[in-house]
Amino acid sequence: MKNRLKVLRAERDLTQADLADALAVSRQTINAIEKGKFDPSLPLAFKISRLFNLPIEAIFQDDDAV
Amino acid sequence: MKNQNWNTQNLHNTRLLAIWTFAWVASMALATFGPTFIWQENMPLTLLAIAINAAFGVAMILANIRHIKGLDEMQRKIQLEAMGIALGVGVVGGLSYTLLDTTNVISGDAEISFLVILIGLTYLGATIIGQMRYR
């Protein structure tokens, strides 16, 4: 699953640690999500979506989507 | 602020786990060597030492549950995978080792401590590999 987390974070001038702070996860987890190595659960994806005030599909894109 | 609490809680859970693990290992050593070197085979003291060891073991398990519950979802996934691998290696390795004993391929008796070491090292290795994989 691809995501725009890194871009959105940079646009808001947030560090990985800041984002981890806001989401109550480790910085390593933010890094793994950004690199596409770890797909977040639906509750975490909703949390991210609320934080950026964007719909989930504007942040995460399914690899298999046509 | 939220994560500072999360990090603080995580650190607290890790410390608790370390303390109970140390207490369990120390009480295991006491229950093992105490009867011979400290209280000269006194049965009530030996039973007390074993009961304390079991109680510390339960506390260690509860601390481990608390520690895992406090992790975030990716860290929990790494732990779950490592535990699965350690369990699999433990069951397969343990049964093979028992077979070696029952068929007299090895001269001595199969010792549970070898199995514990195998499971421990597998869990440690799998956790390190898991951490590296998601880096």
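- Looking at an unreviewed UniProt entry, chain A carries the name Helix-turn-helix transcriptional regulator, with the source organism given as Pontibacter anaerobius.

A closer look at the packing of helix H3 (residues 73-102) of chain B against helix H4 (residues 112-133) of chain B
All names here are of chain B.
Here comes step 1: Following both chains from N to C, one finds H3 and H4 inclined at 150°, their axes separated by 8 Å at the closest point. It follows from the interaxial angle that H3 and H4 lie roughly antiparallel. In the crossing of H3 with H4, the sense of the turn from one axis to the other is right-handed. Facing H3, whose interface residues are Ile-78, Gln-79, Glu-81, Ala-82, Met-83, Ile-85, Ala-86, Val-89, Gly-90, Gly-93, Gly-94 and Tyr-97, H4 presents Phe-114, Leu-115, Leu-118, Ile-119, Thr-122, Tyr-123, Ala-126, Thr-127, Gly-130, Gln-131 and Arg-133.
Here comes step 2: Here the residues of the contact of H3 with H4 are counted per class, giving 13 nonpolar, eight polar and two charged.

Thoughts on helix H2 (residues 16-23) of chain A
All names here are of chain A.
Here comes step 1: Residues Gln-16, Leu-19, Ala-20 and Leu-23 constitute the buried set of H2. For H2, the arc enclosing every buried residue in end-on projection is 100°, short of the 170-degree limit, so these residues lie on one face.
Here comes step 2: Just past H2, the residue Ala-24 takes up positive phi, approximately 55°.

Details of the nonpolar core
Here comes step 1: Counting 20 residues, the largest nonpolar core has A:Leu5, A:Leu23, A:Ile48, A:Phe52, A:Ile59 and A:Phe60 as its most contacted members.
Here comes step 2: Only helix H1 (5-11), H2, helix H3 (27-34), helix H4 (42-52) and helix H5 (56-59) of chain A together with H3 of chain B provide two or more residues apiece to this core.
Here comes step 3: Top contributing element to this core by residue count: H4(A), with four residues.
Here comes step 4: Setting aside residues up to four positions removed in sequence, A:Leu5 forms contacts with A:Leu19, A:Ile33, A:Glu34, A:Ile48, A:Phe52 and A:Ile59.

So, how was this worked out
- Along each chain, the written sequence defines residue order, and numbers are assigned to residues from 1.
- Each chain takes a letter, starting from A, and each ligand takes a number, starting from 1, following the order in which they are written.
- Only residues with pLDDT of at least 70 are given local features in this predicted model, and only at 80 or more are side-chain atom pairs given and counted; all residues enter the totals for whole chains, interfaces and linings.
- Excluding hydrogens and water, the side-chain values take into account all heavy atoms of the structure.
- Note on geometry: axes are C-alpha line fits, over the in-contact stretch for helices, and angles between N-to-C directions span 0 to 180 degrees.
- Only DSSP runs of H or I reaching four residues or more are called helices, and only runs of E reaching two or more are called strands; each is numbered from the N terminus.
- Working rule for angles: under 35 degrees goes down as roughly parallel, over 145 as roughly antiparallel, 65 to 115 as roughly perpendicular, anything else as oblique.
- Here a crossing is called left-handed whenever its near helix is offset anticlockwise from the far helix by less than a right angle, and right-handed whenever the offset is clockwise.
- Contacts are residue-level and defined by heavy atoms, with any inter-residue pair within 4.5 Å sufficient.
- Residues are grouped as follows: Ala, Val, Leu, Ile, Met, Phe, Trp, Tyr, Cys and Pro are nonpolar; Asp, Glu, Lys and Arg are charged; every other residue, Gly included, is polar.
- Exposure categories follow from relative accessible area, calculated using a 1.4 Å probe and restricted to protein chains: below 20% of the type maximum is buried, above 50% is exposed, and the middle band is partly exposed.
- Of all possible arcs, the one meant is that of the directions from the helix axis to the C-beta atoms.
- The nonpolar core is taken to be a set of buried Ala, Val, Leu, Ile, Met, Phe, Trp, Tyr and Cys residues, with the residues joined through side-chain atoms within 4.5 Å.

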